[in-house]
Amino acid sequence: MSERTGKISAINGNMIVAEFENYVLQNEVAYAVAGNEKLKSEVIRIRGRKADLQVYENTESLKVGDKVEFSGELLSVELGPGLLTQIYDGLQNPLPQIAKECGYFLKRGVYLNALSYEQEWEFTPEAKKGDKVKAGDFLGSVPEGIFKHYITVPFSFREEYEVSSVAPKGNYKIKDTIAEIKDKKGNTEKVSMVQLWPVKLPIRAYAEKIKPADPLITKVRIIDTLVPVALGGTYCIPGPFGAGKTVLQQITSRHAEVDIVIIAACGERAGEVVETLLEFPELKDPRTGKSLMERTIIICNTSSMPVAARESSVYTAVTIAEYYRQMGLNVLLLPDSTSRWAQAMREMSGRLEEIPGEEAFPAYLESRIASFYERAGIVRLNNGKIGSVTIGGTVSPAGGNFEEPVTQATLKVVGAFLGLSRARSDARKYPAIDPLDSWSKYESVVEREQVEYVRYILRKSSEVGQMMKVVGEEGTAMSDFIEYLKGEFVDDVYLQQNAFDEVDGATPAERQKYVFGILYEILKSDFTFGTKDEARHFFHEIRQEFKNWNSDPWGSGKFGERQKSLKEKVEKNVKDKG
Amino acid sequence: MRKVYSRILQIVGDVIAVEAEGVGNQELAEINTSRGKSLAQVIKLDGSKVSLQVFAGSRGISTGDEVRFLGHRMQVSFSDNLMGRIFNGSGIPRDNGPSLADNMVEIGGPSVNPAKRIIPNRMVRTGIPMIDVFNSLVVSQKLPIFSVAGEPYNELLARIAMQAEVDVIILGGLGLKYDDFLFFRDTLEEHGALSRSILFVHTASDPTVECIMVPDMCLAVAEQFAIKGKDVLVLLTDMTNFADALKEVAVTMEQIPSNRGYPGDLYSQLAARYEKAVDFSDQGSITVLAVTTMPGDDVTHPVPDNTGYITEGQFYLRNGRIEPFGSLSRLKQQVNGKTREDHRTVMDTMIQLYADFKETKEKLAMGFQVSKWDEKLLKYGALFEEKLMSLKVNVPLEKALDRGWEIMAECFSPEETGIKTEMTNKFWPKSKTPVEQEPRAGEEEGEGIEEGPRTVEELSAGDGNNNSAAGKKN
Ligand SMILES: Nc1ncnc2c1ncn2[C@@H]1O[C@H](COP(=O)(O)OP(=O)(O)OP(=O)(O)O)[C@@H](O)[C@H]1O
Ligand SMILES: [Mg+2]
């Protein structure tokens, strides 16, 4: 390609204006040349002979007149074996390697290969000469940790092809040709194990998108039971600072029953990423017996890293998620926080002097959020396999008030809303998901009828609790008081969960169903008490018992014993039904 | 010799525009005015029009004044000669000492590679039970003190600085009152800490733009010391003034405000500073303690709000005390598991009981019946506030934990606290026989702390709004 260049004519923060001669492509990658540094940028607007670019680096010392080189490529990620266990920045630079090269501090203009070009992978062919294939079809596979990593016809290939040759089983580097395929006109294309894909476009190499139906088990009881998430679905976690958004994502990233977890630390604290990246290699994934890191990818563009790269980091993450979905795997993407991404858009929009919408967010905020979450989904691949991408993003609303543009735009498109409340986190009721305000369109792991009843109890209990603040305990009827205690009881023993307890910290679906059934029976019981103190005492007693039960391993002898003693305690106080 | 420009096109707020060529973004310039020299920084380039932010403010600048570009960004000298020195936001001495120009380093440098960080694990001992016991401060933590104007936040900062075992203390004053500046200087001097301290002080009467420089100056120096293996404590007071200075400049630049006039990048601006807090695996560390005053005591105000989303917890200073509710050290669990085995138990139980006490107090205020249990709680609350919460208390962690047990033993029986038996067997004070005790128990506990109100009646008497609701009882 002939080299196309331009000259910087203006600089404002991380936005530069370049005057160009030939032509430029919208959203193509360009490099601003500052001495011997080349700073990655993206064309985001073109007017006349001027292109506006957002620079993914600090623009310090750039000058008017400096050269800009256009690359002709859209901002893309490298997809191939070796992505798992990696820690990338928002532009897919491997941070540990950067540390090796540059030391303590990040250095602008340093871009390293996302994948190793030297490592060899053991390739096993799947397709054979003469097969008809199209984008996304499997040509072969390599083992990547615990997974079979399929090598496919690149997603950008539009035609139908015939396989002319496939490499025999053996060790190959990712750039080696592993197949040759030929289109109808007879043009032959070489296929390697690595392909590029532009991050802002969804990968569509599948037969059809289907409706999310099966639950994604997070092992967080309040989620799976009350506000469930589906494989291929979307959910959001808005909450004020310190309410527990990140911790909730950390818990799900450990326990969720999915194949692959992608953590996108977007504009949040570096320290939190460090916790994950240092702890995960040490933690065992109960599903595979291997380290949790083997199913994890971290995309990390923390708050002090350049803002434009923060904007692209969520796209980098979702593209990698889609890539593994194309192998028939279930992928969970956890961006923290989507508000920082939205703010990055706002900063850029301001520099472009676009007409601002509410709270100065750009008018296209809603559509960007919607199309991001649209990239979640469960798909049937051309070969019939099912793969999914589930997205659960946190939202950090200004002032903790959900009536703000990012939360509202997100609520319009997601399938479940897990709202964290300040009141609950202040009272250390974790996870601090508000059971009354939160909702989900997906199916719970327990029976609907039981859930409805428990919702009723929770609502009623909260009403009585409010009333009691005014009229006091002595002014509350016994029947109301019992419902109040029942609601508190559900909250204490089921909705709250001790993340640090090995057993209580993660409740499998089967156990949730079982325990919730027992809980339901207790709530349905008709109790008689002489005094309110008696009632309170009773519930405190069974609360203690139930909480201990939560820590008894599922299926253990202790589990059965505790259940029995719980049952006895409950029956003592149940009204005889004559 | 660099070229001198003398065509100032425009002066708006503290931002001037000159026509110049070959100027780098964020480059520094020197302006010669009738009032003397001032530094200015390039903040925008458009063709040959260069916009600069003038550190000393634009007052008195003439369109004919000379602007000389320096070819580098803002720098600060770094060496041991900084110790004990006091500078303004531009790095000019304000202590009559010599100006320093050796070993200049650029401020506002790139961030630390996350892959080079470690999980923080060293506790900073402050002698303040509300911190040490309940929300332990950890080396490399970034933590603000949320406070309304008038609270003794500077005293608190100074106290922590004096107590903390750090190699270097760097104080950044932002819109600091002159009195407070003197207070810091004198306190450091009294405690013999001035020789390991460096002060960058912008006072309320100094130019706004210099205020914006202060955190970067402090943190750039801190970073250099940290790389040399030193543990550095950076104190910034008051970061709300920093945010307000940003707001002022943004308005001058006609940026569209996002929230109550603050620029849309307030979060990124604050984060760029706070995220400098770090513990290097094989070197020193930077711990950042900042004051964030809350306009109108409103934590949802953009400055405390954005800060809370960045920092690793916060201390609420209210009525001269660190509030147990709302205050949070997000890193405490990294350290409080290996102090003393009863640390977490005391922390959890005492806070739970204090929450119950608050509820009882509300009940009392509403005029509802008070039970025996409530009476115990009221006594407990009073003791807790006086013997642990008060900022007058200055005891090491272990002593504070002992005191916690004593307070509980004075008010409750072991079972009533819900603490595991093995723990109470080991730590419950032997001499106390709480169950038989009357509520009036003012006789014991020495330690030179004044006796507070002890009975329910006395407590209610001290509580202004309790009588009014008495009639509501059903
Ligand atoms: N499930 C939990 N169990 C125990 N403690 C929790 C839990 N969730 C949150 N916490 C406590 O609350 C603190 C803040 O949680 P977290 O970092 O998840 O908040 P956040 O909502 O992500 O805040 P921010 O918006 O500022 O990032 C944690 O450091 C921890 O002390
Ligand atoms: Mg968080």
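Rules of the game
- Residues numbered from 1 in each chain as written.
- Chains lettered and ligands numbered in written order.
- Predicted model: local features only at pLDDT ≥ 70, side-chain atom pairs only at ≥ 80, totals over all residues.
- Heavy atoms only, no water.
- Helix = DSSP H or I, 4+ residues; strand = E, 2+ residues; numbered from the N terminus.
- Buried < 20%, exposed > 50% of the residue type's maximum accessible area, 1.4 Å probe, protein only.
- Contact = heavy atoms within 4.5 Å.
- Lys, Arg positive; Asp, Glu negative; His and termini not counted.
- Charge placed at Lys NZ, Arg CZ, Asp CG, Glu CD.
- Salt bridge = Lys/Arg side-chain N within 4 Å of Asp/Glu carboxyl O.
- 1 Å grid on protein atoms, 1.4 Å probe; cavity = no way out; pocket = protein on both sides within 12 Å on 5 of 7 lines; lining within 4 Å.
- Points joined across faces, edges and corners; volume = space filled by probe spheres on them.
- Nonpolar A, V, L, I, M, F, W, Y, C, P; charged D, E, K, R; others polar.
- Domains from an automatic or database assignment.
- Phe/Tyr/Trp six-rings, centres within 6.5 Å; stacked < 30°, edge-to-face > 60°.
- Lys NZ or Arg CZ within 6 Å of the ring centre and 35° of its normal.
- Pairing = 2+ DSSP bridges.
- Right-handed = clockwise from strand over helix to strand, strands pointing away.
- Near = heavy atom within 4 Å.
- Polar contact = N/O pair within 3.5 Å; in protein donor to acceptor, adjacent residues only side chain to side chain.
- Areas by Shrake-Rupley, 256 points an atom, 1.4 Å probe, with all protein chains shown as cover.
- Expected span 1.5 Å × (residues − 1).

A. How the structure looks around the overall build of chain B. If you tally the helices and strands in chain B, you get 12 helices and 23 strands. In terms of overall dimensions, chain B has C-alpha extents of about 90 × 50 × 40 Å along its principal axes. The proportion of buried residues among the 474 residues of chain B is 59%. Considering only contacts within chain B whose residues lie at least 6 apart along the sequence, 72% involve residues at least 24 apart. Distance between charge centroids for chain B: 2 Å, based on 52 positive and 68 negative side chains.

B. A look at the pattern of salt bridges. Under the definition given, this model contains 54 salt bridges over all chains. Of the charged contacts, one joins Arg448(A) and Glu443(A) as a salt bridge, the two residues approaching to 2.6 Å between their closest N and O atoms. Judged by its relative accessible area of 56%, Arg448(A) is exposed. Note that Glu30(B) is salt-bridged to Arg68(B), the shortest N-O span being 3.1 Å. With Glu30(B) in strand β4 (residues 28-33) and Arg68(B) in strand β7 (residues 66-69), the pair connects residues that are 38 residues apart, well separated along the chain. On the basis of relative accessibility, which here comes to 18%, the residue Glu30(B) falls in the buried class. Residue classification places Arg68(B) among the partly exposed positions, given a relative accessible area of 25%. Overlapping salt bridges, with partners in common, bring together Glu268(A), Arg269(A), Glu272(A) and Arg340(A) in one network.

C. Fine view of empty space enclosed by the protein. Counted by the stated rule, this structure contains 5 cavities of 30 Å³ or more. Approximately 210 Å³ is the volume attributed to the largest cavity. In terms of lining residues, the largest cavity is bounded by 22 residues, among which Gln343(A), Arg346(A), Ala398(A), Asn259(B) and Asn306(B) are the most central. At the level of elements, α6 (338-351) of chain A together with β17 (257-259), β18 (262-263), α6 (266-274) and α7 (302-308) of chain B are the ones that each hand at least two residues to the lining of the largest cavity. Element by element, the count of residues in the lining of the largest cavity is highest for α6(A), at 4 residues. Here the residues of the lining of the largest cavity sort into 10 nonpolar, 7 polar and 5 charged. The volume enclosed by the second largest cavity comes to roughly 160 Å³. As for the second largest cavity, its lining consists of 14 residues, and the residues nearest its centre are Thr246(A), Gln250(A), Ile263(A), Thr276(A) and Asp336(A). Broken down by secondary-structure element, the contributors of at least two residues to the lining of the second largest cavity are α3 (245-255), β20 (260-266), α4 (270-279) and β22 (330-336) of chain A. In terms of residue count, α3(A) provides more of the lining of the second largest cavity than any other element does, 4 residues in total. Looking at the lining of the second largest cavity residue by residue, the class counts come to 5 nonpolar, 5 polar and 4 charged.

D. Examining the domain arrangement of chain A more closely. For chain A, the assigned domains are domain 1 (4-75), domain 2 (120-197), domain 3 (207-440) and domain 4 (448-572). Computed over C-alpha atoms, the centres of domain 1 of chain A and domain 2 of chain A are 35 Å apart.

E. Structural detail: unusual backbone geometry. Going from Asp336(A) to Ser337(A), the amide bond is cis rather than trans, its omega being 5 degrees. With respect to the secondary-structure elements, Ser337(A) resides in the loop between β22 and α6. Residue Thr237(B) is joined to Asp238(B) through a cis peptide bond whose omega torsion reads 15 degrees. Within the element layout of this structure, Asp238(B) appears in the loop between β16 (231-237) and α5 (239-252). Positive phi, close to 65 degrees, is recorded for Ala360(A), a residue that is not glycine. Along the polypeptide, Ala360(A) turns up in the loop between α6 and α7 (365-373). You can call Ala360(A) buried: its relative accessible area is 11%.

F. Region of interest: the packing of aromatic side chains. On inspection of all chains with the given rule, the structure shows 50 aromatic pairs over all chains. Judged by centre distance (5.3 Å) and plane angle (40 degrees), the rings of Phe529(A) and Phe538(A) are tilted. Residue classification places Phe538(A) among the buried residues on the basis of a relative accessible area of 3%. Between Tyr5(B) and Phe69(B) the ring centres are 5.8 Å apart and the planes differ by 75 degrees, which places this aromatic pair in the edge-to-face class. Pair noted here: Tyr5(B) is in strand β1 (residues 4-5) and Phe69(B) is in strand β7, with a separation of 64 residues, a long-range link. Taken as a pair, Tyr5(B) and Phe69(B) share a single burial class, namely buried. The rings of Phe489(A), Tyr514(A), Phe527(A), Phe529(A), Phe538(A), Phe539(A), Phe546(A), Trp549(A), Trp554(A) and Phe559(A) are connected pair by pair, giving a single aromatic cluster. One cation-aromatic arrangement involves Arg221(A) over Tyr494(A); the distance from NZ or CZ to the ring centre is 5.4 Å.

G. Here's a closer look at the pairing of strand β15 (residues 197-203) of chain B. Residues and elements named next belong to chain B. Within β15, 7 of the 7 residues are buried, which leaves it mostly tucked inside the rest of the structure. A two-sided burial pattern is seen for β15, the buried positions comprising Ser197, Leu199, Val201 and Thr203 on one face and Ile198, Phe200 and His202 on the other. Here 2 bridges tie strand β9 (residues 86-87) to β15, and the two strands are oriented parallel to one another. The residue bridging Phe87 from the neighbouring strand is Phe200, located in β15. In terms of strand pairing, strand β14 (residues 168-176) meets β15 through 6 bridges, oriented parallel. Bridging from a neighbouring strand, Gly172 pairs with Phe200 of β15. What joins β14 to β15 is helix α3 (residues 178-190), and the crossover it makes is right-handed.

H. Looking closely at the site of ligand 1. Taken together, 19 residues sit near ligand 1, with Gly242(A), Lys245(A), Thr246(A), Val247(A) and Arg269(A) positioned nearest. More than one chain reaches ligand 1: its neighbouring residues belong to chains A and B. A distance of 3.3 Å is found between an oxygen atom of ligand 1 and a backbone nitrogen or oxygen belonging to Ala243(A). Side-chain polar atom of Arg330(B) to an oxygen atom of ligand 1: 2.9 Å apart, as the coordinates give it. Contact with the protein chains removes 91% of the 630 Å² of surface that ligand 1 exposes when unbound. For the shell around ligand 1, the leading source of residues is α3(A), giving 4 residues. Of the residues contributing to the shell around ligand 1, the split by class is 9 nonpolar, 5 polar and 5 charged.

I. Highlighting the side chain of Thr390(A). Residue and element names in this part refer to chain A. With respect to the helices and strands, Thr390 occurs in strand β24 (residues 386-395). In this structure Thr390 comes out as buried when scored by relative accessible area, which is 0%. For Thr390, the contacting residues outside a window of four places in its chain are Leu216, Val229, Ala230, Leu231, Gly232, Gly233, Tyr235, Val331, Leu332 and Leu333.

J. Quick peek at the interface of chain B and chain A. Each partner contributes to the interface: chain B provides 57 residues, whereas chain A provides 63 residues. Here chain B is connected to chain A by 1 salt bridge. For Glu60(A), the salt bridge is made with Arg73(B), and the minimal N-O distance between the two is 3.7 Å. Viewed at the interface, chain A and chain B are joined by 25 residue pairs in polar contact (both at pLDDT 80 or more). Elements that contribute at least two residues to the side of chain B that touches chain A include exactly β5 (36-46), α4 (208-227), β17, α6 and α7 of chain B. With 4 residues, α6(B) is the single largest residue contributor to the side of chain B that touches chain A. Counted by class, the side of chain B that touches chain A contains 22 nonpolar, 20 polar and 15 charged residues.

K. Region of interest: α6(A). Residues and elements named next belong to chain A. End to end, α6 covers 20 Å across 14 residues, agreeing with the expected 20 Å (1.5 Å per residue, within 8%). Capping the start of α6, Ser337 holds a side-chain oxygen 3.1 Å from the backbone nitrogen of Ser339, two or three residues further along. Among the residues trailing α6, Glu353 stands out with phi positive, at a value near 55 degrees.

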